[in-house]
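Topology and contacts: notes
Take a look at the letters that make up each chain.
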Amino acid sequence: MTPRDLLNDQLDIVAAESRATLWIRLALTFVSGLLFGLNFGPVAAMIWLAAVFTGEAWTWWVTREPAAGRPNSMTNRWLYVGATVAVSLFWSSAAWAYWRTGSQALQLTCIAISASQMIHGQCFAFRSKLALGILAGIPATLLVGLLVLDGGFSGAPLLTLGISVGLAVLYVFNSAVVNMRNAEALEGAQRDAVEANQAKSAFLAMMSHELRTPMNGVLGMAHALKQTRLDERQGAQVEMLIRSGDGLMAILNDILDVSKIEAGKMELEEIAFDLSEVGARVIDLWRETANAKGVELNYELAPGAPRWLAGDPSRIRQVMLNLVSNALKFTQEGEVRLSVRPVIAHGEDTVAFEIAVSDTGIGITPEQQARLFQSFAQADAATTRKFGGTGLGLAICRQLTDLMGGEISVESEPGRGSVFRVTLELPRADAVDLAEPVAESGGLSHLTLLVAEDNPINQAVVRAVLEAVGAQLETANDGAEALDMLREKTFDLVLMDIHMPRMDGVEALRRIRAGETGDARQPVIALTADAMPGEDQKLLAHGFDDVQPKPIQPMALIAAILDACEARGEVAKTDAA
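Cut-off values and rules
- Numbering of residues begins from 1 in every chain and follows the order in which that chain's sequence is written.
- Given that this is a predicted model, residues contribute local features only at a pLDDT of at least 70 and side-chain atom pairs are listed and counted only at 80 or more, while totals for whole chains, interfaces and linings are drawn from all residues.
- Here the side-chain values reflect all heavy atoms present in the structure, with hydrogen atoms and water set aside.
- Segments assigned H or I by DSSP are reported as helices when at least four residues long, segments assigned E as strands when at least two residues long, and all are numbered from the N terminus.
- Buried, partly exposed and exposed residues are distinguished by accessible area as a fraction of the type maximum, computed with a 1.4 Å probe on protein chains only: under 20%, between the cut-offs, and over 50%, respectively.
- For every accessible area listed, the method is Shrake-Rupley and the probe measures 1.4 Å; residues are considered covered only by the protein chains on display.
- Pairing between strands is defined by DSSP: at least two bridges between the two strands are required.
- To get an axis, fit a line to the C-alpha atoms, keeping to the stretch in contact for a helix; angles then go from 0 to 180 degrees between the N-to-C directions.
- It only takes one pair of heavy atoms within 4.5 Å for two residues to be counted as in contact.
- Among buried residues, the Ala, Val, Leu, Ile, Met, Phe, Trp, Tyr and Cys ones that are joined through side-chain atoms within 4.5 Å form a nonpolar core.
- Think of a salt bridge as a Lys or Arg side-chain nitrogen and an Asp or Glu carboxyl oxygen that are within 4 Å of each other.
- One number per residue, pLDDT, summarises how confident the predictor is, and it ranges from 0 to 100.
- Roughly parallel refers to an angle under 35 degrees, roughly antiparallel to one over 145, roughly perpendicular to one between 65 and 115, and oblique to any angle outside these ranges.
- Take the far helix as your reference; a near helix turned counterclockwise from it by less than a right angle gives a left-handed crossing, and one turned clockwise gives a right-handed crossing.
- Put simply, Ala, Val, Leu, Ile, Met, Phe, Trp, Tyr, Cys and Pro go in the nonpolar bin, Asp, Glu, Lys and Arg in the charged bin, and everything else, Gly too, in the polar bin.
- Pairing of aromatic side chains here covers Phe, Tyr and the six-membered ring of Trp, requires ring centres within 6.5 Å, and sorts the geometry by plane angle: under 30 degrees stacked, over 60 edge-to-face, intermediate tilted.
- For a lysine, the NZ atom is tested; for an arginine, the CZ atom; a charge sits over a ring if that atom is within 6 Å of the ring centre and within 35 degrees of the ring normal.

**Some words on the overall build of the protein chain**
When helices and strands are counted, the protein chain shows 21 helices and 12 strands. Looking at the protein chain as a whole, 43% of its 577 residues are labelled buried. For the protein chain, the accessible surface area stands at approximately 29,600 Å², while carbon and sulfur atoms represent 58% of it.

Here's what the structure looks like:
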């Protein structure tokens, strides 16, 4: 083994860990210096303290990079080794001085100092054989030498002492070797866990795309079919198809949300929203389900409950939706009530409130409550068989509540229903106009759109949705074909799929923005089935005007098209002026 092998990155880890305990060591050094002065006089104590403090300052200076998480230079590694040797020798010199007094008590002090040095070496230097040899080897050598050679022992006592001390030192080094192996095993397990997590993320990304692509066809065509002339029975069947598809998408989104939260990539918005309106929409979404079960679904906005707040309304809506869904699932008769009440706030600029969902359902035992907010966990296996579900809804409620700095709790008794409470505190906000742009019949009739999409079903979905509101569409099967069509004809906007053969959407956009089609500011909206964390931000950073997920939400897509075209018009007016 060469010196370069010993001066490796493991030595940097030892340096960083050693630096973390610097102030404790300095305090112990000061106390030890006082004791040294008590036995050898102030001058000797001052010299010893100066030597140790100089060595520690040297150590502090050459461990700056490892402490910041950066590798040390080879020069600084050599300097750190020199500082460690010096400090270890200074402490061993104090132990030797105590031994030479001949006092039994001070000789025991010598043994205590040497043993402490070895323990310190074992605790902090098991990652590096070189550091272990310095921090534990120097005091071990001194201790064995003093006891065997200068202890005044002979015969059987000397043999017994020599073997016993040797075995003790050997045990210390053996323990350090075992710790080294354990550390290597833990690092290997950590690498495997990271790789497994990366594989899981890649799998979820692939499955998200593969599932969303056919669901785009199912839900898109169902929405398009809903716009045609249907009799009452057919209309009910289409509504059931849409609700079933939305339910499947909710399960997929729950799984992806858990993955985002576990990866620390869940990002919260902070926009103005009307809390009362969020609750009302949740009730509207679940009212038909409640009516079908014969369960009353009520909404209570208590006096003094906050209205306009700044936060993430979609995540608050998700918490409400999951809690109401859970309550309806386990309630066969009676009532489910969503309530919003004010609570005492901690600041003048914030509002604290409680979201409560109560039901008259089957209730939950204390044992079941203990695991209720765990991912993929339900009260028991019989619950899953009877009521269905993935067991993710309440886990997501807990995780989202934690992200928003709130608390969630449950009160329940078997056979007497349950009450779930979520307490949040958010900043106040001024009221804003949240009216969504609605495209009337023929509202896009003045627009000619290019759809770049390689999947024929997705092409048909976009055509069905947008032609229903008057838009004129042409399609391209990949990015290269889209560029050719843009060179030949002017389009008001391009809807660009991301994953396509020959040329993908990102490359096609890059060439559009480079001016290869004549208009570098051509409005382009990305259509993507990728739902992993940060995907929207990446696409916007590439230069897309907006990002619309699959399955397509008709009104959201129409609104995005109108916004992008309006923004283009404003830019054109500015340039003309």
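**Some words on the sheet that holds strand β12 (residues 546–549)**
Across the sheet, 5 strands lie side by side as β9-β8-β10-β11-β12; this open sheet has parallel pairing. Of all strands in the sheet, those bounded by a partner on one side alone are β9 (472–476) and β12. Adjacent strand axes in the sheet meet at a mean angle of 25 degrees, parallel and antiparallel pairs treated alike. Across 4 bridges, strand β11 (residues 524–528) lies against β12 in parallel orientation. Each residue of the ladder has a partner; that of Thr528, found in β12, is Pro549. Along the sheet, helix α17 (residues 456–467) contacts β8 (448–452), β9, β10 (493–497) and β11; its crossing angle with β9, the most-contacted strand, is approximately 170 degrees.

**Section: the nonpolar core**
Counting 42 residues, the largest nonpolar core has Leu275, Ile316, Met320, Leu323, Leu338 and Phe420 as the members making the most contacts within it. If one sorts the elements of this core by residue count, helix α13 (residues 313–329) sits on top with 7 residues. If sequence neighbours within four positions are ignored, Phe420 has contacts with Leu323, Asn326, Ile355, Ala356, Val357, Ile364, Leu372, Phe373, Leu394, Ser409 and Val410. Core analysis: the next-biggest nonpolar cluster, separate from the first, contains 28 residues, Leu49, Val87, Ala95 and Met180 among them.

**A word on the pattern of salt bridges**
For the structure shown, the criterion picks out 24 salt bridges. Of the charged contacts in the structure, one is a salt bridge between Arg77 and Asp12, with a shortest N-O distance of 2.7 Å. Residue Arg77 is located in helix α6 (residues 74–100), and its partner Asp12 is located in helix α2 (residues 9–20); the two are separated by 65 residues in the primary sequence. You'll find Arg77 and Asp12 in the same group, each marked buried. Note that Arg337 is salt-bridged to Glu335, the shortest N-O span being 2.7 Å.

**Comments concerning the sheet that holds strand β4 (residues 335–343)**
Pairing in this open sheet of 5 strands is mixed, and the strands run β2-β4-β5-β7-β6 from one edge to the other. Bordering the open sheet on either side are β2 (296–301) and β6 (407–412), each of which pairs with just one other strand. Averaged over all pairs of adjacent strands, the angle between strand axes in this sheet comes to 15 degrees, irrespective of strand direction. With 6 bridges joining them, β6 and strand β7 (residues 418–427) adopt antiparallel strand pairing. The partner of Glu411 across the bridge, within β7, is Val419.

**A few points about the confidence of the model for the protein chain**
Across the protein chain, pLDDT averages 82, with 88% of residues at or above 70. Predicted confidence in the protein chain is weakest over helix α15 (residues 381–387), with a mean pLDDT of 45, and strongest over β10, with 95. Counted against residues more than four places away or in other chains, residues 436–442, with its pLDDT under 50, gives 10 contacts.

**Concerning unusual backbone geometry**
For Arg502, which is not glycine, the phi torsion reads 65 degrees and is therefore positive. Arg502 sits in the exposed class, given a relative accessible area of 70%.

**Quick notes on helix α16 (residues 393–403)**
Listing the buried residues of α16 in full gives Leu394, Ala395, Ile396, Cys397, Gln399, Leu400 and Thr401. Two residues or fewer after α16 comes Gly405, characterised by a positive phi angle close to 75 degrees.

**Side note on the environment of Leu509**
Take Leu509: it is sitting in helix α19 (residues 505–513). Exposure remark for Leu509: the relative accessible area of 0% places this residue in the buried category. Each C-alpha atom, one on Leu509 and one on His542, is 7.9 Å from the other, the two residues being 33 residues apart in sequence. With residues up to four places along the chain from it excluded, the contact list for Leu509 reads Val524, His542, Gly543 and Phe544.

**Here we look at the packing of α2 against α6**
Relative orientation of the contacting elements α2 and α6 amounts to 55 degrees, with a least axis distance of 11 Å. Accordingly, the angle class assigned to the pair α2 and α6 is oblique. Note that α2 runs across α6; the crossing there is left-handed. Where α2 approaches α6, its residues Asp9, Leu11, Asp12, Val14, Ala15 and Ser18 are matched on the opposing element by Arg77, Tyr80 and Val81. Residue composition of the contact of α2 with α6, grouped by class: 5 nonpolar, 1 polar and 3 charged.

**Topic: the packing of helix α18 (residues 479–488) against α19**
Where α18 meets α19, the closest approach of the two axes is 9 Å, and the angle between their N-to-C directions is 25 degrees. Classed by the angle they form, the pair α18 and α19 counts as roughly parallel. Where α18 crosses over α19, the two elements pack in a sense that is right-handed. Across the interface between the two elements, Gly479, Leu483 and Leu486 of α18 pack against Ala508, Arg511 and Ile512 of α19. Looking at the contact of α18 with α19 residue by residue, the class counts come to 4 nonpolar, 1 polar and 1 charged.

**Quick word on the packing of aromatic side chains**
Summed over the entire model, instances satisfying the criterion amount to 6 aromatic pairs. Ring plane angle 40 degrees and centroid distance 4.6 Å describe the contact between Phe36 and Phe40, whose orientation is recorded as tilted. Of the two residues, Phe36 and Phe40 both sit in helix α3 (residues 22–40), 4 residues apart, roughly one turn of that helix. Among the residues examined, Phe36 registers a relative accessible area of 8% and is labelled buried. Here Trp48 and Trp91 contribute two aromatic rings whose centre-to-centre distance is 5.0 Å and whose plane-to-plane angle is 90 degrees, an arrangement assigned as edge-to-face. Remark: Trp91 occurs in helix α6 and Trp48 occurs in helix α4 (residues 42–62); sequence separation between them is 43 residues. Since its relative accessible area comes to 6%, Trp48 is described here as buried. Trp91 sits in the buried class, given a relative accessible area of 17%. It is Arg64 that lies over the ring of Trp61; its NZ or CZ is 3.8 Å from the centre.

**Observations concerning the environment of Leu130**
Mapped onto the elements of the fold, Leu130 is located in helix α8 (residues 129–135). When the C-alpha positions of Leu130 and Leu6 are compared, they lie 6.0 Å apart, and in sequence the two are 124 residues distant. Leave out the neighbours within four places in its chain, and Leu130 touches Leu6, Leu7 and Val81.

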